[in-house]
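Next come the chains, spelled out residue by residue.
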Amino acid sequence: MESGKKAEAGPSAGVNEEKQGREQWEMSEKPSAVEVCDDHEEEEEDDDKEDGGGALAGFVPGPLLSLKEQIEKDKDDESLRRWKEKLLGCVEGDLNGQMEPEVKFHSIGIISNDLEEVSHPLPLDSNHEGLVLFTLKEGSQYQLKLTFSVLHNIVSGLTYSNTVWKAGLKVDQNKGMLGTFAPQREPYEQILDEETTPSGVLARGIYSANLKLEDDDRRCYMELKYAFEIKKSS
């Protein structure tokens, strides 16, 4: 769901209700949900193709160097050396020459104006797979929160895509840029853009969602399927 919208998402009881639900959601903000089927994944692939695949036609990236090699390459440049020390902090001694960056996700949480912060460790255990991770009231503001660590090399242009379905109908998709992250010993905490849940009878119920994180080379670091519920505001 895109920020600043409000609407209702309809169930799949009839073509008219589905169409109405989708139109209403598109005028609202978005929540998140579970168990995405293969058809959902095909829809996302189609969306990626429409976006041009995220790469410029004919662009050939340069060779990937390990962070250790990059540091040693410019060791005689004092200004670059100081900048890299500031960027990397105290992790330079931990670098092992591995070229591929690694992102370890520790938790996913939700911050809302009508409930305390809820957090779940990642990866989800079998008791949470396919189950509702959180419940929100209709018309409430909320933000997803991710905690993760970056290892071995710099992750450039980390982006997220959060796609939402209800009763098999894709009702919304939100994309955003998180940024570029260097390895460090302390985990990063990133709070995604604020969203607003839709309101009304048709908006209530269980939603499924797929949260995907990639870098600017289309390298996927996490694809999380989860569910959430929207209930009547008391």
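The numbering scheme is per chain: residues are counted from 1 as the chain's sequence reads. For a predicted model such as this one, the threshold for reporting local features is a pLDDT of at least 70, and the threshold for listing and counting side-chain atom pairs is 80 or more; totals across whole chains, interfaces and linings nevertheless cover every residue. Working from all heavy atoms in the structure, the side-chain values ignore hydrogens and water.

The protein is annotated in an unreviewed UniProt entry as Rho GDP-dissociation inhibitor 1-like from Hibiscus sabdariffa. UniProt positions are given in the numbering used here, feature names are shortened, and annotations may be inferred rather than shown by experiment. The UniProt entry for the protein carries the following comment under Sequence similarities (unreviewed entry): "Belongs to the Rho GDI family."

(A) Molecular detail of the overall build of the protein. Each helix and strand counted, the protein has 4 helices and 10 strands in total. Only runs of H or I of at least four residues qualify as helices and only runs of E of at least two qualify as strands under DSSP, and these elements are numbered from the N terminus. In sequence order, the protein lays out its α and β elements as α-α-α-α-β-β-β-β-β-β-β-β-β-β. Each of the 234 residues in the protein was classed as buried or not, and the buried ones make up 44%. By sequence separation, contacts in the protein at least 24 residues apart represent 75% of the contacts at least 6 residues apart. Carbon together with sulfur atoms contributes 48% to the accessible area of the protein, which is approximately 12,500 Å² in total. Exposed residues in this analysis have more than 50% of their type's maximum accessible area, buried residues have under 20%, and partly exposed residues fall in between, with area computed by a 1.4 Å probe over protein chains only. Residues are treated as being in contact if the distance between any of their heavy atoms lies within 4.5 Å. Accessibility throughout is a Shrake-Rupley quantity obtained with a 1.4 Å probe, and a residue counts as covered only by protein chains that appear here.

(B) Fine view of the sheet that holds strand β6 (residues 169-181). DSSP-based pairing: two strands are paired if at least 2 bridges between them are found. Ordered in space as β3-β10-β9-β5-β6, the 5 strands form an open sheet in which the pairing is mixed. The open sheet is flanked by β3 (132-137) and β6, the only strands paired with a single partner. Going across the sheet, the axis of each strand differs from the next one's by a mean of 25 degrees, ignoring polarity. When strand β5 (residues 155-166) meets β6, the two strands line up antiparallel, connected through 10 bridges. Counted as the bridge partner of Trp165 is Lys170 from β6. In this analysis an axis means a line fitted to C-alpha atoms, helices contributing only their contacting stretch, and an angle means the value between N-to-C directions, from 0 to 180 degrees.

(C) Looking closely at the pattern of salt bridges. We define a salt bridge as a contact between a side-chain nitrogen of Lys or Arg and a carboxyl oxygen of Asp or Glu at a distance within 4 Å. In the structure shown here, the tally under the stated rule is 6 salt bridges. Between Lys145 and Glu117 there is a salt bridge, with its nearest N and O atoms 3.3 Å apart. Taken together, the positions of Lys145 in strand β4 (residues 141-151) and Glu117 in strand β2 (residues 115-121) put the pair 28 residues apart, joining distant regions of the chain. Two residues, Lys145 and Glu189, come together in a salt bridge whose shortest N-O distance is 3.6 Å. Note that Lys145 is positioned in strand β4 and Glu189 in strand β7 (residues 188-191), a separation of 44 residues in sequence. Using a relative accessible area of 14% as the deciding quantity, one classes Lys145 as buried. The exposed category is assigned to Glu189, whose relative accessible area is 53%. Linked by salt bridges that have partners in common, Glu100, Asp215 and Arg219 make up one network.

(D) Spatial organisation of the side chain of Glu138. Relative to the helices and strands, Glu138 is located in the loop between β3 and β4. Judged by its relative accessible area of 13%, Glu138 is buried. Within polar-contact distance, the side chain of Glu138 engages the backbone nitrogen of Ser233 at 3.3 Å. Residues in contact with Glu138, not counting those within four places in the same chain, are Thr197, Pro198, Ser199, Gly200, Arg204, Ile230, Lys231, Lys232 and Ser233. Throughout this description, a polar contact denotes any pair of N or O atoms lying within 3.5 Å of each other; where both atoms belong to protein, one of them has to be capable of donating a hydrogen while the other can accept it, and for residues adjacent in sequence the pair is counted only when both atoms sit in side chains.

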